[in-house]
Amino acid sequence: MASASATYEIKSEHGEVINTSTGLSNKKLLMWAFLGSDVMFFGSFIATFLVYRNRSLVGPYPADILDIPITSVSTFVLLMSSLAMVLALSYVQEGRKKLGTLWIFAVVVLGAIFLLFQVYEFNHFAKVGLTPRTNLFGTTFFILTGLHGAHVTLGVLWLMFLGFGSIKGTLRADNAIDLELAGLYWHFVDIVWIVIFTVIYLISARDVAPPGSVPWVPGAH
Amino acid sequence: MQTTHPGVGSEPISMRFPRIFPRPKSDYGIWSWISTVDHKRIGTLYAVTSFLWFLVGGIEALIMRLQLSQADNTLVDPELFNQLFTMHGTTMVFLVVMPLSAAFFNWLVPLQIGARDVAFPRLNALSYWIFLFGSLFLNFSWFVGDAPNGGWFGYAPNSHLAFNPTHGMTYWVIGLNILGIASIAAGLNFIVTILNMRAPGMTLTKMPVFTWMTFVTSVLIVLALPVLTVALIQLQVDRLYGTHFYNTAAGGDPVLWQHVFWLFGHPEVYILILPAMGIVSEILPVFSRKPLFGYTFLVFAGVAIGFMGWFVWSHHMFTVGLGPAANSAFAISTMAIAIPTGVKIFNWIGTMWGGSVRFSTAMLFAISFIAMFTIGGLSGVMHASVPTDAQQQDTYFVVAHFHYVLFGGAIMAIFGGIYFWWPKATGYMLSEGWGKANWLLMLIGFNLQFAPQHWLGLDGMPRRVFTYAENMGWENTNMYASAGGFLMAFGVLLFLINVFYSARKRVPAGDDPWDGRTLEWSIASPPPHYNFEKIPNVEHRDDWWFTKHPELIAEYYHDEHEGELRAPSGAQFDDDVEDEHHDEHTSDHHGDDDHGHGIHLPDMSYYPFILALGLTIVGAGLMTIIPVIIIGVVILLWGLIGWSMEPVNDPVPEGASHGH
């Protein structure tokens, strides 16, 4: 078998031997296929949100409640976490342990800040009078952003796990693929947020009570 | 090449999760099945489990046929009838045809592409266990007297709490979500396996057609099942937590459910039929002693069906009133998808044309598949016409149509596949005599049952209604149909008799009883657990056939194969440089005592079983029993953490022979 491997050896850009038909590692291919699956998952929820746009029968409506500036800040935080992710992967691949660890935890912290913004937003909305049970806007908004938040939470936990691995020395340049997979996932979740931010906060943010619905009066719920 | 990587190999052991049970090693006993990661054993588990569900779903059908055999019958009350047709449909789609196909995927794909296992053996085991627990959870609803009753399509708001307050549809929603996870995990696994684990030289256009159809099906599963998951989550949060997705009082839209469900539901139809088409495409060339006619066209037709299957879903909704533009568009796309399907039928006929055809049981089933599927396809393309569809919607005509496709099509092909590959899997033959009786009774019974339903449907007999009035003139036809149903059941009984009879007789099959064409026939029957002692070098399509008959190479493939580049194989090497302790498919442990010569297979693991158990308990807990959720989460975490910290292979003890 040794001779056969000498004949068919393919090396990746980092010099590792990859023994698969496509030259991609199994795990990376699995992750890409999974992300394709997740596209359909989020796509269906985003489509549902768009179908139900302007169809709530009672308030609060998006224009009554959405706060674009605050969410822009949290969006910026999430986008910067992707930058940190790129740096983390690059340093781990180069074998620079301290910088790699530092940037992995930077992603974790930025992701956690994004989640705190979301917790604040959900709480605030509930206080003002929008819950998943209030109207169609509430239902679609909370379930879509909530499931995105669940994805972010999973990513934060995964990256914490890898960050501790980097400290202990089990995540190194030769198995940086593990971090790369988490990175693929993280960037994907980030991209999904860009779509959600556009659809909910930019496109729908000025939606008021549709014809035939009751306008919303703050504090009167 | 064979040097191990000290750092990677030894390091993870220091952070291993404490094991409660020792890592299983034995090849025998129930524990070895629970912890198996061997694709062949998992395939067997899939086959046995889903065949049992096939019997359950068949009994549900027989009860309905008994009820319908006479006008104004009172054997079954309307509520029970609703539960029966809901569970019959759900069972046959999710617990029978899909997992039976998965049994073939598991058994055959690694053998056909020259690999020693799938890309992720433990993930593969996880898929099976989730499927098993999910199916048990779904059917548990019978025992609490609250089986799902909203149809396999679960139309909201009919399935909504406001109109359906019992627990039945909650079982359905959670059960199908659990099963969906199993399907997606399996689909991902086979996509990676087929793309990455091919033997050297097996380019995509040299892959057996069954492997190709598995690939297309896997892509469909991975993309379609999440859409179902979304629909189910929406209905689930509505039912359990009072949200408004399908609450009509708050503006929820019933048509949205239909769109989301059928956007999943129509690709699902091709998920059910494409594996059957793959099976038939393997059987026909072998028993015609000819290469498959128009391989490239057939494969592209399969891919085209998989692609176009996404653009036809609204033909399930022609009577909703979507407007002429939408109806026309979906009518055209539905007619168009008949083209690649027709291509395939002509390819199969062309394969048999001029061949020296042997009418074995497997071949008879395969030919029946073509005939029955053609009838089902023709009645199907009739539904593409919007006005015609309006007449046929919700009548027995539709029932007849999709049973011709799914029983006459999928199940016939699957039975053919069982007769074809049984000798490979077990090492002994199934009796041809019993097999032909089995085939004949199933074919006659099937046609006697479903052909008359075309007439009943055109005469206006509605589906999903528990009985009909005496003066409608439907008694005789229904009686024939019911008789046909029992004849069919008798045919299935003959299959079971054949299995037990043949297991007693044990006529040895040899390695290649049918003079097969693809790689699985080049190894022993049953295959050793490492499959291939030496990974084959593939030079031709139907490589094994041309290995046996090198004189035929020039005749069929005169100029195609000079100086081709060999693709490297994922299964070929005995160590994986990239990441030893996490990667699933290779490692540093020899396979068995005497055989296999240092072939590395993953060790057994009980974590997939535990993870699947935890997941199902969480699902059960979602029926608003908080302590159960907590127990489930604890078990789930145990499985998850244990799994991620468990090396694929334990280190080999000092002094054990390595073989290299």
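The model shown is predicted, which means the values in this text are computed figures rather than measured ones.

Criteria and cut-off values
- Residues numbered from 1 in each chain as written.
- Chains lettered and ligands numbered in written order.
- Predicted model: local features only at pLDDT ≥ 70, side-chain atom pairs only at ≥ 80, totals over all residues.
- Helix = DSSP H or I, 4+ residues; strand = E, 2+ residues; numbered from the N terminus.
- Rg over C-alpha atoms; globule rule 2.2 N^0.38 Å.
- Buried ≥ 20, exposed ≤ 12 C-beta atoms within 10 Å, placed from the backbone.
- Contact = placed C-beta atoms within 7 Å.
- Expected span 1.5 Å × (residues − 1).
- Bend = angle between axes of the 7 residues up to and from the residue.
- pLDDT = per-residue confidence, 0-100.
- Axes fitted to C-alpha atoms, helices over the stretch in contact; angles between N-to-C directions.
- Parallel < 35°, antiparallel > 145°, perpendicular 65-115°, else oblique.
- Left-handed = near helix turned anticlockwise from the far one by under 90°.
- Nonpolar A, V, L, I, M, F, W, Y, C, P; charged D, E, K, R; others polar.

Caption draft 1: Examining the overall build of chain A more closely. Counting secondary structure elements, chain A contains seven helices and two strands. Starting at the N terminus and ending at the C terminus, chain A contains elements arranged as α-β-β-α-α-α-α-α-α. Computed over C-alpha atoms, the radius of gyration of chain A comes to 22 Å, more than 25% over the 17 Å expected from 2.2 N^0.38 for 221 residues, which places it beyond the range of a compact globule. With the C-alpha coordinates of chain A rotated into their principal frame, the extents come out at 75 × 35 × 20 Å. Within chain A, buried positions represent 41% of all 221 residues. For chain A, the share of sequence-separated contacts (at least 6 apart) that also reach a separation of at least 24 residues comes to 80%.

Caption draft 2: View of the overall build of chain B. Scanning chain B from terminus to terminus reveals 19 helices and zero strands. With 660 residues in all, chain B has 56% of them scored as buried. Counting contacts in chain B only where the partners sit at least 6 residues apart, residues at least 24 apart contribute 82% of the total.

Caption draft 3: Geometry of helix α4 (residues 78-113) of chain B. Residues and elements named next belong to chain B. Spanning 36 residues, α4 covers 50 Å between terminal C-alpha atoms, matching the ideal 52 Å at 1.5 Å per step. For α4, the principal kink sits at Met 92 and spans about 35°. Most of α4 sits inside the fold, with 33 of its 36 residues counted as buried.

Caption draft 4: Up close: the confidence of the model for chain A. All names here are of chain A. Residues of chain A with pLDDT of at least 70 account for 90%, and the chain-wide mean is 90. Summarising per-element confidence for chain A, the mean pLDDT is lowest in helix α1 (residues 2-8) (34) and highest in helix α5 (residues 97-128) (97). Here residues 1-12 scores under 50 on pLDDT; set against residues more than four positions off or in separate chains, the count is 19 contacts.

Caption draft 5: Examining the packing of helix α6 (residues 168-196) of chain B against helix α18 (residues 607-621) of chain B more closely. Residue and element names in this part refer to chain B. As a packed pair, α6 and α18 sit with axes 10 Å apart at the nearest point and diverge in direction by 155°. By the angle between their directions, the pair α6 and α18 is classed as roughly antiparallel. Note on packing geometry: the crossing formed by α6 with α18 is right-handed. Of the residues in α18, those touching α6 at Ile 174, Asn 177, Ile 178 and Ile 181 are Leu 615, Thr 616 and Gly 619. Broken down by class, the residue content of the contact of α6 with α18 amounts to four nonpolar, three polar and no charged.

Caption draft 6: Structural view of unusual backbone geometry. Of note, the bond from Gly 59 of chain A into Pro 60 of chain A is cis; its omega dihedral lies within 30 degrees of zero at -5°. Mapped onto the fold, Pro 60 of chain A is located in the loop between α2 (26-51) and α3 (62-65). Along the chain, Ser 525 of chain B connects to Pro 526 of chain B via a cis peptide bond; the corresponding omega equals -15°. A positive phi angle, near 60°, is found at Asn 54 of chain A, a position not held by glycine. Among the secondary structure elements, Asn 54 of chain A is positioned in the loop between α2 and α3. Phi angles above zero are rare outside glycine, and Asp 542 of chain B is one such case at about 55°.

Caption draft 7: Layout of the environment of Asn 149 of chain B. Residues and elements named next belong to chain B. Counting through the fold element by element, Asn 149 comes out in the loop between α5 (121-143) and α6. In sequence terms Asn 149 and Val 648 are 499 residues apart; their C-alpha atoms lie 44 Å from each other. The contacts of Asn 149, once residues within four sequence positions are left out, are Glu 79, Asn 82, Gln 83, Thr 86 and Gly 168.

Caption draft 8: Region of interest: the environment of Tyr 185 of chain A. Residue and element names in this part refer to chain A. Inspection of the secondary structure assignment puts Tyr 185 in helix α7 (residues 177-203). Given 20 C-beta atoms within a 10 Å radius, Tyr 185 is considered buried. Remark: the alpha-carbon pair of Tyr 185 and Leu 154, spanning 31 residues in sequence, is separated by 9.9 Å. The contacts of Tyr 185, once residues within four sequence positions are left out, are Met 31 and Gly 155.

Caption draft 9: Layout of the environment of Phe 300 of chain B. Residues and elements named next belong to chain B. If you trace the backbone, Phe 300 turns up in helix α9 (residues 295-308). Accessibility expressed as a C-beta count within 10 Å gives 14 for Phe 300, which makes it partly exposed. In the structure, Phe 300 is positioned 44 residues away from Lys 344 in sequence and 9.6 Å away in space, judged by C-alpha atoms.

Caption draft 10: Representation of the packing of helix α14 (residues 432-458) of chain B against helix α15 (residues 475-505) of chain B. Residue and element names in this part refer to chain B. Orientation of α14 relative to α15, taken along the N-to-C sense of each, is 160°, at an axis distance of 7 Å. Judged by the angle between their axes, α14 and α15 are roughly antiparallel. Between α14 and α15 lies a crossing whose hand is left-handed.

Caption draft 11: Summary view of the confidence of the model for chain B. Residues and elements named next belong to chain B. Looking at chain B as a whole, the pLDDT averages 88, with 89% of positions reaching at least 70. Looking over chain B, one finds the lowest element-wise mean pLDDT in helix α1 (residues 6-10), namely 37, and the highest in helix α3 (residues 39-68), namely 97. Below a pLDDT of 50 lies the segment residues 1-15, which in the model reaches 28 contacts outside its immediate sequence neighbourhood of four places, other chains included. Every residue in residues 569-597 is under pLDDT 50, and counting partners more than four places away or in other chains gives 109 contacts.

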